Amino acid sequence: QEQLVESGGGSVQTGGSLRLSCVASEYIYRRNCMGWFRQAPGKPREGVATIYYNSGMTKYADSVKGRFTISRDNAENTLYLQMNSLKPEDTAMYFCAAGSLFCDPGRSDYRYWGQGTQVTVSS
């Protein structure tokens, strides 16, 4: 099936950590680029991090550099987002996406999107 399924969201206190997972169908997973995006109620969607399939090169939004790490397990068709030092500003629905030409958090030209997993950070 052509799908992406996110998991790992939850509620944590400021400074806590979460690891999000995205299991994708092989066809979707093997697109050259995958990424994580997030959207809070009343706010525009913003890119978080991206990663290339072949090279493993990553890019991060300035707001998460040094705190979040994107990675992938090609044998399991799974994308990850390790989130440390979480802040209330990180509260949002997090989406997994695949199939971007530019593979840049500043772009949103992804063909495939998951349903999202909620992350809530309280002070």
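Here, every reference points to the structure presented above.
One numbering rule holds for all chains: residues counted from 1, following each sequence as written. Local features in a predicted model are, by the rule used here, given only for residues with pLDDT of at least 70; side-chain atom pairs are given and counted only at 80 or more, and totals for whole chains, interfaces and linings are based on all residues. Side-chain calculation: all heavy atoms of the structure are included, whereas hydrogens and water are not.

**A look at the packing of aromatic side chains**
Operational definition: Any Phe, Tyr or Trp ring, taking Trp's six-membered ring, that has another such ring centre within 6.5 Å forms a pair; planes under 30 degrees apart are called stacked, those over 60 apart edge-to-face, and the others tilted. For helices the rule is a DSSP run of H or I covering at least 4 residues; for strands it is a run of E covering at least 2, with both sets numbered from the N terminus onward. Summary of the burial criterion: residues with accessible area below 20% of their type's maximum are buried, those above 50% are exposed, and those between are partly exposed, where the area comes from a 1.4 Å probe applied to protein chains only. As a reminder, the over-ring test applies to NZ of lysine and CZ of arginine, requiring each to be within 6 Å of the ring centre and within 35 degrees of the ring normal.
Under the counting rule described, the total for this entry stands at five aromatic pairs. On the numbers, 6.2 Å between centres and 90° between planes, the contact of Tyr 27 with Tyr 112 is edge-to-face. With a gap of 85 residues between them, Tyr 27 in helix H1 (residues 26–29) and Tyr 112 in strand S10 (residues 110–113) connect regions that are remote in the sequence. Given a relative accessible area of 44%, Tyr 27 falls into the partly exposed group. Put simply, the rings of Phe 37, Tyr 110 and Trp 113 pair up and form one aromatic cluster. Seen from the ring of Tyr 27, Arg 31 lies directly overhead, with NZ or CZ sitting 4.5 Å from the centre.

**Focus on the environment of Gln 39**
Looking at where Gln 39 falls in the secondary structure, it is placed in strand S4 (residues 33–39). Residue Gln 39 is classed as partly exposed on the basis of its relative accessible area, which comes to 34%. Along the backbone, Gln 39 and Ala 92 are 53 residues apart, and their C-alpha atoms lie at a distance of 5.2 Å.

**Describing the sheet that holds strand S1 (residues 4–7)**
Spelled out, the test is: The criterion for strand pairing is that DSSP finds at least two bridges linking the strands in question. Axes, fitted as lines to C-alpha atoms, cover a helix only where it is in contact. Angles between the N-to-C directions of the axes lie from 0 to 180 degrees.
Taken in spatial order, the four strands of this open sheet run S1-S3-S8-S7, and their pairing is antiparallel. A single partner strand is all that each edge strand has here, and the edge strands are S1 and strand S7 (68–73). Direction aside, the axes of adjacent strands within the sheet are offset by 15° on average. Across six bridges, the pairing between strand S3 (residues 18–24) and strand S8 (residues 78–83) is antiparallel. The partner of Arg 19 across the bridge, within S8, is Gln 82.

**Some points on the nonpolar core**
To keep things clear, this is the line we draw: To qualify as a nonpolar core, a set must consist of buried Ala, Val, Leu, Ile, Met, Phe, Trp, Tyr and Cys residues joined through side-chain atoms within 4.5 Å. Contacts are assigned to residue pairs that have any heavy atoms within 4.5 Å of one another.
Ranked by size, the top nonpolar core spans 29 residues in total, and within it Leu 4, Met 34, Trp 36, Leu 81, Met 83 and Tyr 94 carry the most contacts. Broken down by secondary-structure element, the contributors of at least two residues to this core are S3, H1, S4, strand S5 (46–52), S7, S8, strand S9 (92–100) and strand S11 (117–122). When neighbours within four sequence positions are excluded, Met 83 is seen to be in contact with Gly 16, Ser 17, Leu 18, Leu 20, Arg 67, Phe 68, Tyr 94 and Val 119.

**What to know about the environment of Ala 61**
Within the fold, Ala 61 resides in the loop between strand S6 (58–60) and S7. In this structure Ala 61 comes out as buried when scored by relative accessible area, which is 15%. With 58 residues separating them along the chain, Ala 61 and Gln 3 place their C-alpha atoms 25 Å apart. Contacts of Ala 61, omitting those with residues within four sequence positions, involve Gly 47, Val 48 and Pro 105.

**Thoughts on the environment of Asp 104**
Let me state the cut-off plainly: Whenever a nitrogen or oxygen atom comes within 3.5 Å of another N or O atom, the pair is scored as a polar contact, on the condition that within protein one atom can donate a hydrogen and the other can accept it, and that pairs from neighbouring residues in sequence are kept only if both atoms are in side chains.
By the element assignment, Asp 104 lies in the loop between S9 and S10. Its relative accessible area of 29% is what places Asp 104 among the partly exposed residues. Considering only alpha carbons, one finds Asp 104 and Asp 73, 31 residues apart in sequence, at a separation of 20 Å. Setting aside its immediate chain neighbours within four residues, Asp 104 contacts Thr 50, Lys 59 and Tyr 110. Within the local environment of Asp 104, its side chain forms a polar contact with the backbone nitrogen of Gly 106, the two atoms lying 2.8 Å apart.

Everything listed here is a matter of coordinates, which is why it stays silent on function.
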